[in-house]
Amino acid sequence: MAATHSKPAAALRPGRAWLLSNDTAHVAQVETELGAEGWRVDLRLRSLQHLLLHLHCEAAPPDVLVCGLHFDDGDAFALMRLLTHDPRAPALFLVLQPQQRVVLKSALAMAGACNLRVAGYAERPLTAGQIAQALRPYRVAVPARAPVPAPELTAEALRSMLQHDRLQAWLQPQLHLDSREVVGVEAILHGVAEDGTPLPPARLQPALKRHGLLEAATLALVRQTCGFLADCVRDGQPLSGSIKASMHSLSDPDFCIELQRIVQDSKVDPASITIEISESDAAADLPTVIENTARCRLLGFNLSITDFGTAYSSLMQLAQLPLSELKFDRSLVTNIDADVTRRTIVASCAGLARGLGLRVVADGVETATELRALQAAGCTEVQGHLLAHPMPTDAMRQWLHGLDRLRVPLGKRRTADPC
């Protein structure tokens, strides 16, 4: 068994590898095979302590570290913890004993959580040339030059975007799995710089928060989304809208008053608006969270926990909040069709959520097989690139008008295979 998880680089140069193993025969075999492929094997190590010493002393760390899951003085999990977010950390190629397959998924998840690259993995006994073949993409890899960071968005630039309507609502449709109808949209904040450069949410949100403008930007998003929803009602295509808000914003009475005023002025039913808060926000100080979320519900809005599955909050705690919806994060959705663990987690949480009377939404759906797995697991609504990418409001209007009665053609429904 072998797998690789990287793309070949464009530039060519011999790769450098270190080997960490207490199996002399194994080290000799791997060194010979890598050498035949043009690799330089600079170091052969037996202990985690020696590896860390060399990593900190060497001017240039290796491209790849070939290692097992267990060493004389530690294991790969301890190694990954020590290398967490280290920009000089090499990519890891993991060699497993047959009985260690049970923890492979955990090892790969640990590497991802520690922001470490995994060049691949293989199970012993190894076939001739197996590791060398799997590492061919890294043999010619040249670390990419770090991109020049974009200049920080200033408070003045952000205020200019607010004043000149260059903070824009982009919308992504949400599909009801039973009826296969588009029933709502999620509003996502995008921006346009003064020179016309598009600004994605990942660049906008931290700057808005840092300069104390997140509440104003969220209200601008609400205003545009309500205008779109009001147009949909007039066109005979009523939809709901979902808008993310921070717990900090919801704790501000002035923000809540303005939120209510915008919705009333647009003639949109507050029940058609879902306020989304992150799971990490919901896992904060419970009395504060209950107060702020209850206030949203008193104003007539629906309330969703979004990014569910990222903060590991207690469902018992969530049961104390006046929620109307639970939205699974894309980290649980991606490849759910091929991962029994994710399917089990989603099915269990979806069942509990439905028992609490909540809608169950899945974000980040990209394939039809993921869609089928999510419906089998009990999700009621989905959104993601399989249906449509986020788009400006005008483009969303055209997209909706192109649908046949808002019905999405994802194949005929069948009893055994509903999507």
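Everything here concerns the structure above.
Visitor: Tell me about the overall build of the protein chain, and name the residues and values.
Guide: What the protein chain contains, in helices and strands, is 18 helices and 18 strands. Every one of the 419 residues in the protein chain was classed for burial, and the buried ones make up 48%. Pairs at least 24 apart in sequence give 73% of the contacts found in the protein chain among residues at least 6 apart. For the protein chain, the accessible area works out to roughly 20500 Å², and carbon and sulfur atoms hold 55% of it.

Visitor: Would you mind going over the pattern of salt bridges in detail, with residue names and values included?
Guide: Oppositely charged side chains are able to pair whenever their charged atoms sit close together. Counting across every chain of the model gives 21 salt bridges. Notably, a salt bridge pairs K105 with D339, separated by 3.3 Å at the nearest N-O pair. Separated by 234 residues along the polypeptide, K105 in helix 4 (residues 104-113) and D339 in the loop between helix 15 (330-333) and helix 16 (340-355) bring together distant segments of the chain. What you see here is one network of salt bridges that share partners, running through E186, K244, E276 and K327.

Visitor: Go over the nonpolar core with me, naming the residues and quoting the values.
Guide: Grouped together as the largest cluster of nonpolar side chains are 77 residues, with contacts concentrated most on L204, L208, F228, I275, F328 and L374. Those residues in contact with F328 that sit more than four places away from it in its chain are F308, V333, V346, C349, A350, V360, V361, A362, D363 and C379.

Visitor: Go over helix 4, please, and point to the residues and values.
Guide: Residues of helix 4 that are buried include every one of L104, A107, M110 and A111, and no others. Taken end-on, helix 4 shows its buried residues confined to a sector of 120°, consistent with a single buried face. Residues G112 and A113 are exposed on helix 4 and point more than 90 degrees away from its buried face. N115 lies just past helix 4 and shows a positive phi near 60°.

Visitor: Kindly report on the packing of aromatic side chains, identifying the contributing residues and their values.
Guide: Summed over all chains, the structure comprises one aromatic pair. Ring geometry for F308 versus F328: centroids 5.8 Å apart, planes at 70°, classification edge-to-face. Of the two residues, F308 is situated in strand 14 (residues 302-308) and F328 in strand 15 (residues 325-328); the sequence distance between them amounts to 20 residues. The pair formed by F308 and F328 is uniform in burial state, with each residue classed as buried.

Visitor: Give a description of the pairing of strand 4 (residues 64-68) that names residues and reports values.
Guide: Burial within strand 4 is extensive, with five of its five residues counted as buried. Here strand 4 shows no split at all, with V64, V66 and G68 on one side and L65 and C67 on the other all buried. Strand direction decides the pairing type here: strand 2 (residues 16-20) and strand 4, joined by four bridges, are parallel. Among the inter-strand pairings, W18 is bridged to a residue of strand 4, identified as L65. As judged from the five bridges shared by strand 4 and strand 7 (residues 91-96), these two strands associate in the parallel manner. Opposite V66, over in strand 7, you have F93 as the bridge partner.

Visitor: Explain the side chain of R166 to me, using residue names and the numbers behind them.
Guide: You can see R166 is positioned in the loop between helix 7 (155-163) and strand 9 (167-176). No salt bridge is formed by the buried R166; the nearest opposite charge belongs to E194, separated by 5.2 Å. In this structure the side chain of R166 is engaged in a polar contact, spanning 2.7 Å, whose partner is the backbone oxygen of V192. When neighbours within four sequence positions are excluded, R166 is seen to be in contact with S160, M161, H190, G191, V192, A193 and E194.

Cut-offs and rules
For every chain, the first residue of the written sequence is number 1, and numbering continues from 1 along that sequence. In keeping with the predicted nature of the model, local features appear solely for residues at pLDDT of at least 70, side-chain atom pairs appear and are counted solely at 80 or more, and the whole-chain, interface and lining totals rest on all residues. To get the side-chain values, all heavy atoms of the structure are used, and hydrogens and water are removed first. Working definition: helices are DSSP H or I runs of at least four residues, strands are E runs of at least two. Numbering for both runs from the N terminus. Each residue is assigned to one of three classes by its accessible area relative to the maximum for its type, calculated with a 1.4 Å probe on protein chains only: buried under 20%, partly exposed between the two thresholds, exposed over 50%. Here, residues are in contact when the closest pair of their heavy atoms is within 4.5 Å. Residue-level accessible areas treat just the shown protein chains as cover; the underlying method is Shrake-Rupley with a 1.4 Å probe. Salt bridges are defined as contacts in which a side-chain nitrogen from Lys or Arg sits within 4 Å of a carboxyl oxygen from Asp or Glu. Nonpolar core, defined: a set of buried Ala, Val, Leu, Ile, Met, Phe, Trp, Tyr and Cys residues in which side-chain atoms within 4.5 Å join the residues together. The arc in question is traced by the directions running from the helix axis to the C-beta atoms. Each Phe, Tyr or Trp ring (for Trp, its six-membered ring) is paired with any other whose centre lies within 6.5 Å, and the angle between the two planes then decides the class: stacked below 30 degrees, edge-to-face above 60, tilted in between. Strand pairing follows a simple DSSP-based rule, namely that at least 2 bridges must link the two strands. A residue counts as positive if it is Lys or Arg and as negative if it is Asp or Glu; His and the chain ends are not included. In protein, a polar contact means a hydrogen-donor-capable atom and an acceptor-capable atom, both N or O and within 3.5 Å, with residues adjacent in sequence counting only if both atoms are side-chain atoms; elsewhere, any N or O pair within 3.5 Å suffices.

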